[in-house]
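An overview of the molecular structure
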Amino acid sequence: MYVAFDVEKRLGEFRLSARGELREGATCVVGPNGAGKTTLFKILAGILKPDKGRVEYVGVKSRAYVGDLYAPPDSTVMDVVLAGRTRFGGKPVGREDAAAAARFAELVGVGALLQRRWGTLSGGQRQLAVVAAALATEADLLLLDEPMANLHGDRRAELAELLKREARGKIIAYTTHHLDVLPCCDYVMVIEDGEVKWAGPPSQIDPAHLTRPKACR
Ligand SMILES: Nc1ncnc2c1ncn2[C@@H]1O[C@H](COP(=O)(O)OP(=O)(O)OP(=O)(O)O)[C@@H](O)[C@H]1O
């Protein structure tokens, strides 16, 4: 199973010209703000059409992109995770879907919050519920935009390990600005200025791509 891409897309002043491959397992996609990570994910998910080029899906039957998720404040965590079962298509769900949703919520650590209202959750709890909803899609190709955004360091590492386990027999790719999770994934892809600059296992990453942020003066 793999996804090979060679695509171009212009959005205003920005130009994506990205070529690479996503393989079975968990891939962390990193790079500066505005580098083109989300744009590439949306193309791979089929939400955005490239101007040129192609994406080849081998062995991939279903795909899902999960980024920011809007949920009404009075919806429950269960409602949100169940929405993932329908790939956010709002279709009716059955008893089996509810059982699967509960299983994924438990896996991610929000099982005890299933009946809680969205509006009462902390940012990190919402983030985890979004990941539970994403996993509940059971898509072969799952593209997650910043699933670690609101999480504390230890929680990030736990989630990265979980995503690596869940990526067996699938492709899970996720963007992150938290380089501490890179050792927890199978592959790293570095995107800068709209191009894939490096890709490979985390143990072989070119240190030039791991420059530390400038410290406060
Ligand atoms: N609809 C649009 N019109 C014009 N420019 C756009 C549009 N959508 C995205 N862009 C620009 O494309 C560039 C890439 O955006 P993208 O969201 O893919 O970056 P990113 O790597 O995911 O960034 P971040 O890490 O900040 O989320 C940015 O400069 C952004 O402003």
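Because the structure is predicted, anything quoted here is derived from the model rather than measured.

Taken as a whole, this structure holds zero aromatic pairs when the rule is applied. Against the face of Tyr57 rests Arg63, its NZ or CZ located 4.5 Å from the ring centre. In this structure, Arg103 packs its charged tip against the face of Phe104, placed 5.1 Å from the ring centre.

Neighbouring the ligand are 13 residues; Gly34, Lys37, Thr38, Thr39 and His177 lie closest to it. A distance of 2.8 Å separates an oxygen atom of the ligand from a polar atom in the side chain of Lys37. Side-chain polar atom of His177 to an oxygen atom of the ligand: 2.8 Å apart, as the coordinates give it. Considering the ligand on its own, with 640 Å² of exposed area, one finds that the protein chains cover 57% of that surface. Take the shell around the ligand: its biggest share by element is three residues, from helix H1 (residues 37–45). Split into classes, the residues belonging to the shell around the ligand amount to four nonpolar, seven polar and two charged.

Let us now look at the domain arrangement of the chain. Parsing the chain into structural domains produces domain 1 (1–60 + 140–205) and domain 2 (62–138). Taken over C-alpha atoms, the centre of domain 1 sits 22 Å from the centre of domain 2. Taken together, the contact between domain 1 and domain 2 spans 27 residues of the former and 19 residues of the latter. Buried surface at the junction of domain 1 and domain 2, both sides included, amounts to about 1,800 Å², of which 61% is carbon and sulfur. Remark: the boundary between domain 1 and domain 2 carries zero salt bridges. For the side of domain 1 that touches domain 2, the class distribution of residues is 17 nonpolar, three polar and seven charged.

With that settled, the discussion passes to helix H5 (residues 153–166). For H5, with 14 residues, the first-to-last C-alpha span of 20 Å sits near the 20 Å given by 1.5 Å per residue. Buried residues along H5 sit in contact with strand E3 (25–30), helix H3 (95–108), helix H4 (123–136), strand E6 (141–144) and strand E7 (171–175).

Turning to helix H2 (residues 77–85), a few remarks are in order. Residues that lie three or four places apart on an α-helix share one face, since the helix turns once every 3.6 residues. Regarding H2, the residues found buried are Val77, Met78, Val80, Val81, Leu82 and Gly84. For H2, the elements touching its buried residues are H3 and H4.

Before going further, it helps to examine the pattern of salt bridges. Taken as a whole and judged by the stated rule, the model has nine salt bridges. Among the salt bridges present, the one from Asp6 reaches Arg19, with a minimum N-O distance of 3.9 Å. Here Arg19 lies in strand E2 (residues 14–23) and Asp6 lies in strand E1 (residues 2–11), a separation of 13 residues in the sequence. Owing to a relative accessible area of 62%, Arg19 belongs among the exposed residues under this scheme. For the salt bridge of Glu158 with Arg155, the shortest nitrogen-to-oxygen distance reads 2.6 Å. Here Arg155 and Glu158 lie together in helix H5, a separation of three residues that amounts to about one turn.

Rules used throughout
- Sequence positions are assigned chain by chain, starting from 1 and proceeding in written order.
- Since the coordinates come from a predicted model, pLDDT governs what is reported: local features require at least 70, and pairs of side-chain atoms require 80 or more to be given and counted, while whole-chain, interface and lining totals use all residues.
- Excluding hydrogens and water, the side-chain values take into account all heavy atoms of the structure.
- Two rings belonging to Phe, Tyr or Trp (six-membered ring only in the last case) form a pair when the distance between their centres is within 6.5 Å. Interplanar angles under 30 degrees mark stacking, angles over 60 mark edge-to-face geometry, and anything in between is tilted.
- Here, over-ring charges are defined by two tests on the NZ atom of lysine or the CZ atom of arginine: distance to the ring centre within 6 Å, and angle to the ring normal within 35 degrees.
- Proximity is defined per residue: any heavy atom of the residue falling within 4 Å of a molecule or strand makes that residue near it.
- Definition of a polar contact: a pair of N or O atoms within 3.5 Å, with one able to donate and the other able to accept a hydrogen when the atoms are protein atoms, and with sequence-neighbouring residues admitted only if both atoms are side-chain atoms.
- Accessible surface is estimated by sampling points in the Shrake-Rupley manner with a 1.4 Å probe; for residues, cover comes only from the protein chains shown.
- Helix and strand definitions here come from DSSP, where helices need a minimum of 4 consecutive H or I residues and strands a minimum of 2 consecutive E residues; each element is numbered from the N-terminal end.
- Charged means Asp, Glu, Lys or Arg here, nonpolar means Ala, Val, Leu, Ile, Met, Phe, Trp, Tyr, Cys or Pro, and polar covers whatever is left, Gly included.
- Where each domain begins and ends follows an automated or database-derived domain assignment.
- Contacts are residue-level and defined by heavy atoms, with any inter-residue pair within 4.5 Å sufficient.
- Buried surface area refers to the total accessible area, computed with a probe of radius 1.4 Å, that the two partners give up upon joining, counted for both partners together.
- Salt bridges are defined as contacts in which a side-chain nitrogen from Lys or Arg sits within 4 Å of a carboxyl oxygen from Asp or Glu.
- Each helix should span, by expectation, one fewer than its residue count multiplied by 1.5 Å.
- Accessibility here uses a 1.4 Å probe with only protein chains present; expressed as a share of the type maximum, an area under 20% marks a residue as buried, one over 50% as exposed, and anything in between as partly exposed.

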